[in-house]
Amino acid sequence: MVTDLLVIFADDESDSDDDDDDYDKDDDEDDETIEPTPGTGSASAGFDIMEGISILPEHVLNIVVRVCRREGSAAARCAGACALAAHIAHVLATRAHCPRLPSYVSCLLQMLMVKNKNIAKVVSDAILMLADYTDQIVELYPGLAGKIIKWICACLAELSSSSGRDTVKPLAGSLLLCLAEYAVRCGPTLLMQEMDGNQSLLLMIFKVNEMQL
(Lines give C-alpha, C1' and ligand atoms only; values in the text may rest on other atoms or scores of the structure.)
Protein backbone atom coordinates (compact mmCIF):
# COMPACT_ATOMS: atom_id res chain seq x y z
CA MET A 1 0.00 0.00 0.00
CA VAL A 2 2.75 2.41 0.97
CA THR A 3 4.73 1.37 -2.09
CA ASP A 4 1.78 2.18 -4.35
CA LEU A 5 1.42 5.63 -2.77
CA LEU A 6 5.13 6.36 -3.28
CA VAL A 7 4.88 5.41 -6.94
CA ILE A 8 1.85 7.66 -7.44
CA PHE A 9 3.58 10.57 -5.65
CA ALA A 10 6.70 10.16 -7.78
CA ASP A 11 4.61 10.23 -10.95
CA ASP A 12 2.88 13.43 -9.78
CA GLU A 13 6.21 15.14 -9.10
CA SER A 14 7.54 14.27 -12.54
CA ASP A 15 4.38 15.68 -14.16
CA SER A 16 4.62 18.89 -12.13
CA ASP A 17 8.27 19.31 -13.13
CA ASP A 18 7.30 18.98 -16.77
CA ASP A 19 4.58 21.58 -16.28
CA ASP A 20 7.05 23.96 -14.61
CA ASP A 21 9.44 23.56 -17.51
CA ASP A 22 6.65 24.37 -19.94
CA TYR A 23 5.65 27.39 -17.84
CA ASP A 24 9.23 28.70 -17.81
CA LYS A 25 9.45 28.31 -21.57
CA ASP A 26 6.20 30.22 -22.00
CA ASP A 27 7.52 33.01 -19.76
CA ASP A 28 10.69 33.24 -21.80
CA GLU A 29 8.67 33.50 -24.97
CA ASP A 30 6.42 36.20 -23.47
CA ASP A 31 9.43 38.20 -22.29
CA GLU A 32 10.76 38.48 -25.81
CA THR A 33 10.13 41.98 -27.19
CA ILE A 34 8.48 42.10 -30.57
CA GLU A 35 9.84 45.01 -32.57
CA PRO A 36 7.21 46.83 -34.65
CA THR A 37 7.66 46.51 -38.35
CA PRO A 38 7.87 49.82 -40.21
CA GLY A 39 4.71 50.53 -42.13
CA THR A 40 2.50 48.33 -39.96
CA GLY A 41 -0.95 49.44 -38.92
CA SER A 42 0.02 50.41 -35.36
CA ALA A 43 2.95 52.54 -36.44
CA SER A 44 0.99 54.37 -39.12
CA ALA A 45 -1.89 54.91 -36.71
CA GLY A 46 0.45 56.57 -34.23
CA PHE A 47 1.77 58.86 -36.94
CA ASP A 48 -1.73 59.87 -37.96
CA ILE A 49 -2.66 60.69 -34.38
CA MET A 50 0.34 62.98 -33.93
CA GLU A 51 -0.38 64.66 -37.23
CA GLY A 52 -3.96 65.26 -36.11
CA ILE A 53 -2.78 66.79 -32.84
CA SER A 54 -0.49 69.20 -34.68
CA ILE A 55 -3.36 70.65 -36.75
CA LEU A 56 -5.97 70.60 -33.98
CA PRO A 57 -5.35 74.11 -32.55
CA GLU A 58 -5.78 75.77 -35.95
CA HIS A 59 -8.96 73.80 -36.54
CA VAL A 60 -10.35 74.82 -33.15
CA LEU A 61 -9.48 78.48 -33.77
CA ASN A 62 -11.35 78.40 -37.06
CA ILE A 63 -14.42 77.15 -35.22
CA VAL A 64 -14.04 79.86 -32.55
CA VAL A 65 -13.82 82.59 -35.20
CA ARG A 66 -16.90 81.16 -36.93
CA VAL A 67 -18.79 81.22 -33.64
CA CYS A 68 -17.80 84.84 -33.04
CA ARG A 69 -19.04 85.91 -36.45
CA ARG A 70 -22.10 83.78 -37.15
CA GLU A 71 -23.44 82.15 -34.01
CA GLY A 72 -26.98 83.24 -33.18
CA SER A 73 -26.64 82.77 -29.43
CA ALA A 74 -25.30 85.83 -27.61
CA ALA A 75 -23.78 83.67 -24.88
CA ALA A 76 -21.94 81.55 -27.44
CA ARG A 77 -20.54 84.62 -29.19
CA CYS A 78 -19.37 86.06 -25.88
CA ALA A 79 -17.69 82.77 -25.00
CA GLY A 80 -16.05 82.67 -28.41
CA ALA A 81 -14.78 86.23 -28.05
CA CYS A 82 -13.30 85.46 -24.63
CA ALA A 83 -11.63 82.30 -25.94
CA LEU A 84 -10.19 84.16 -28.92
CA ALA A 85 -8.92 86.99 -26.71
CA ALA A 86 -7.30 84.46 -24.37
CA HIS A 87 -5.51 82.85 -27.31
CA ILE A 88 -4.30 86.24 -28.56
CA ALA A 89 -3.03 87.11 -25.08
CA HIS A 90 -1.17 83.79 -24.87
CA VAL A 91 0.49 84.34 -28.25
CA LEU A 92 1.54 87.88 -27.32
CA ALA A 93 2.80 86.83 -23.90
CA THR A 94 4.98 84.09 -25.36
CA ARG A 95 6.00 86.26 -28.34
CA ALA A 96 5.18 83.37 -30.64
CA HIS A 97 4.91 84.13 -34.34
CA CYS A 98 1.28 84.04 -35.46
CA PRO A 99 0.55 85.40 -38.96
CA ARG A 100 -3.19 85.22 -38.33
CA LEU A 101 -3.15 87.22 -35.10
CA PRO A 102 -4.10 90.53 -36.81
CA SER A 103 -7.13 88.81 -38.35
CA TYR A 104 -8.13 87.47 -34.92
CA VAL A 105 -7.93 91.00 -33.51
CA SER A 106 -9.96 92.29 -36.46
CA CYS A 107 -12.64 89.72 -35.67
CA LEU A 108 -12.94 91.12 -32.15
CA LEU A 109 -12.98 94.71 -33.40
CA GLN A 110 -15.80 93.93 -35.82
CA MET A 111 -17.82 92.49 -32.96
CA LEU A 112 -17.81 95.92 -31.31
CA MET A 113 -20.29 97.03 -33.97
CA VAL A 114 -22.93 94.37 -33.30
CA LYS A 115 -26.43 95.50 -32.40
CA ASN A 116 -26.41 93.53 -29.16
CA LYS A 117 -24.58 95.92 -26.84
CA ASN A 118 -24.12 93.22 -24.21
CA ILE A 119 -21.94 91.29 -26.65
CA ALA A 120 -20.08 94.47 -27.56
CA LYS A 121 -19.46 95.18 -23.87
CA VAL A 122 -17.90 91.74 -23.34
CA VAL A 123 -15.74 92.18 -26.43
CA SER A 124 -14.69 95.64 -25.27
CA ASP A 125 -13.56 94.20 -21.94
CA ALA A 126 -11.64 91.49 -23.80
CA ILE A 127 -9.87 94.09 -25.94
CA LEU A 128 -9.12 96.08 -22.78
CA MET A 129 -7.40 93.01 -21.38
CA LEU A 130 -5.18 92.88 -24.47
CA ALA A 131 -3.97 96.42 -23.71
CA ASP A 132 -1.52 94.85 -21.26
CA TYR A 133 0.35 93.54 -24.31
CA THR A 134 0.49 96.83 -26.23
CA ASP A 135 4.30 96.80 -26.28
CA GLN A 136 4.32 93.38 -27.96
CA ILE A 137 1.62 94.48 -30.41
CA VAL A 138 3.58 97.58 -31.42
CA GLU A 139 6.83 95.65 -31.73
CA LEU A 140 5.65 92.48 -33.46
CA TYR A 141 2.63 93.71 -35.45
CA PRO A 142 3.24 97.25 -36.76
CA GLY A 143 0.07 99.19 -37.43
CA LEU A 144 -2.16 96.90 -35.39
CA ALA A 145 -2.25 99.15 -32.32
CA GLY A 146 -3.28 102.08 -34.51
CA LYS A 147 -6.02 99.96 -36.06
CA ILE A 148 -7.37 99.09 -32.61
CA ILE A 149 -7.49 102.78 -31.65
CA LYS A 150 -9.25 103.70 -34.91
CA TRP A 151 -11.93 101.07 -34.37
CA ILE A 152 -12.53 102.16 -30.79
CA CYS A 153 -12.84 105.79 -31.90
CA ALA A 154 -15.29 104.79 -34.63
CA CYS A 155 -17.42 102.87 -32.13
CA LEU A 156 -17.45 105.78 -29.70
CA ALA A 157 -18.42 108.19 -32.48
CA GLU A 158 -21.33 105.95 -33.41
CA LEU A 159 -22.46 105.62 -29.80
CA SER A 160 -22.35 109.38 -29.28
CA SER A 161 -24.99 109.83 -31.98
CA SER A 162 -27.20 107.08 -30.57
CA SER A 163 -30.68 108.17 -29.50
CA GLY A 164 -30.79 105.89 -26.45
CA ARG A 165 -27.50 106.91 -24.89
CA ASP A 166 -28.47 105.64 -21.45
CA THR A 167 -28.60 102.08 -22.76
CA VAL A 168 -25.10 102.30 -24.20
CA LYS A 169 -23.41 104.01 -21.26
CA PRO A 170 -21.77 100.79 -19.95
CA LEU A 171 -20.33 100.07 -23.39
CA ALA A 172 -19.23 103.68 -23.89
CA GLY A 173 -17.50 103.70 -20.52
CA SER A 174 -15.68 100.47 -21.30
CA LEU A 175 -14.58 101.78 -24.69
CA LEU A 176 -13.33 105.06 -23.20
CA LEU A 177 -11.27 103.16 -20.67
CA CYS A 178 -10.01 100.92 -23.44
CA LEU A 179 -9.05 103.92 -25.58
CA ALA A 180 -7.24 105.56 -22.68
CA GLU A 181 -5.22 102.42 -21.96
CA TYR A 182 -4.04 102.00 -25.54
CA ALA A 183 -3.34 105.72 -25.96
CA VAL A 184 -1.22 105.92 -22.81
CA ARG A 185 0.69 102.73 -23.59
CA CYS A 186 1.35 103.72 -27.21
CA GLY A 187 2.62 107.15 -26.20
CA PRO A 188 2.31 110.54 -27.92
CA THR A 189 5.13 109.88 -30.39
CA LEU A 190 3.39 106.90 -31.96
CA LEU A 191 0.01 108.63 -31.86
CA MET A 192 1.44 111.59 -33.75
CA GLN A 193 3.11 109.38 -36.35
CA GLU A 194 0.10 107.17 -37.06
CA MET A 195 -2.23 108.93 -39.47
CA ASP A 196 -5.86 108.42 -40.40
CA GLY A 197 -6.33 110.43 -43.55
CA ASN A 198 -5.24 114.00 -42.83
CA GLN A 199 -5.37 113.71 -39.05
CA SER A 200 -3.21 111.94 -36.53
CA LEU A 201 -4.50 109.37 -34.08
CA LEU A 202 -3.90 111.84 -31.27
CA LEU A 203 -6.21 114.40 -32.88
CA MET A 204 -8.80 111.70 -33.51
CA ILE A 205 -8.74 110.74 -29.85
CA PHE A 206 -9.25 114.35 -28.77
CA LYS A 207 -12.23 114.73 -31.12
CA VAL A 208 -13.88 111.55 -29.88
CA ASN A 209 -13.42 112.55 -26.26
CA GLU A 210 -15.02 115.90 -27.03
CA MET A 211 -18.08 114.11 -28.42
CA GLN A 212 -18.56 112.28 -25.14
CA LEU A 213 -18.84 115.51 -23.12
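Residues numbered from 1 in each chain as written. Predicted model: local features only at pLDDT ≥ 70, side-chain atom pairs only at ≥ 80, totals over all residues. Heavy atoms only, no water.

Asker: Requested: an account of helix α8 (residues 169–193), with residues and values cited.
Answerer: Between its first and last C-alpha, α8 extends only 31 Å over 25 residues, short of the 36 Å set by a 1.5 Å rise per residue. Of all the bends found along α8, the most pronounced is centred on Gly187 and spans about 100°, while Pro188, a proline, follows it within four residues. Along α8, the residues that are buried comprise Leu171, Ala172, Ser174, Leu175, Cys178, Leu179, Tyr182, Ala183, Cys186, Gly187, Leu190 and Leu191. (Helix = DSSP H or I, 4+ residues; strand = E, 2+ residues; numbered from the N terminus. Expected span 1.5 Å × (residues − 1). Bend = angle between axes of the 7 residues up to and from the residue. Buried < 20%, exposed > 50% of the residue type's maximum accessible area, 1.4 Å probe, protein only.)

Asker: Tell me about the pattern of salt bridges, and please be specific about residues and values.
Answerer: Inspection of every chain in the model, using the stated rule, returns five salt bridges. Residue Arg95 is joined to Glu139 by a salt bridge in which the shortest nitrogen-to-oxygen separation is 3.0 Å. Of the two residues, Arg95 is situated in the loop between α3 (74–94) and α4 (101–111) and Glu139 in helix α6 (residues 134–140); the sequence distance between them amounts to 44 residues. When its relative accessible area of 42% is taken as the criterion, Arg95 is described as partly exposed. Note that Asp132 and Arg185 form a salt bridge whose closest N and O atoms lie 3.2 Å from each other. Here Asp132 is found in the loop between α5 (117–130) and α6, whereas its partner Arg185 is found in helix α8, with 53 residues between them in sequence. (Salt bridge = Lys/Arg side-chain N within 4 Å of Asp/Glu carboxyl O.)

Asker: Now, about the environment of Ala76: what can you tell me, with residues and values included?
Answerer: Looking at the element boundaries, Ala76 is found in helix α3. The class of Ala76 is partly exposed, set by a relative accessible area of 25%. Taking the C-alpha atoms as reference, Ala76 lies 9.8 Å from Ile119; in sequence the two are 43 residues apart. Beyond its immediate sequence surroundings of up to four residues, Ala76 is in contact with Val67 and Glu71. (Contact = heavy atoms within 4.5 Å.)

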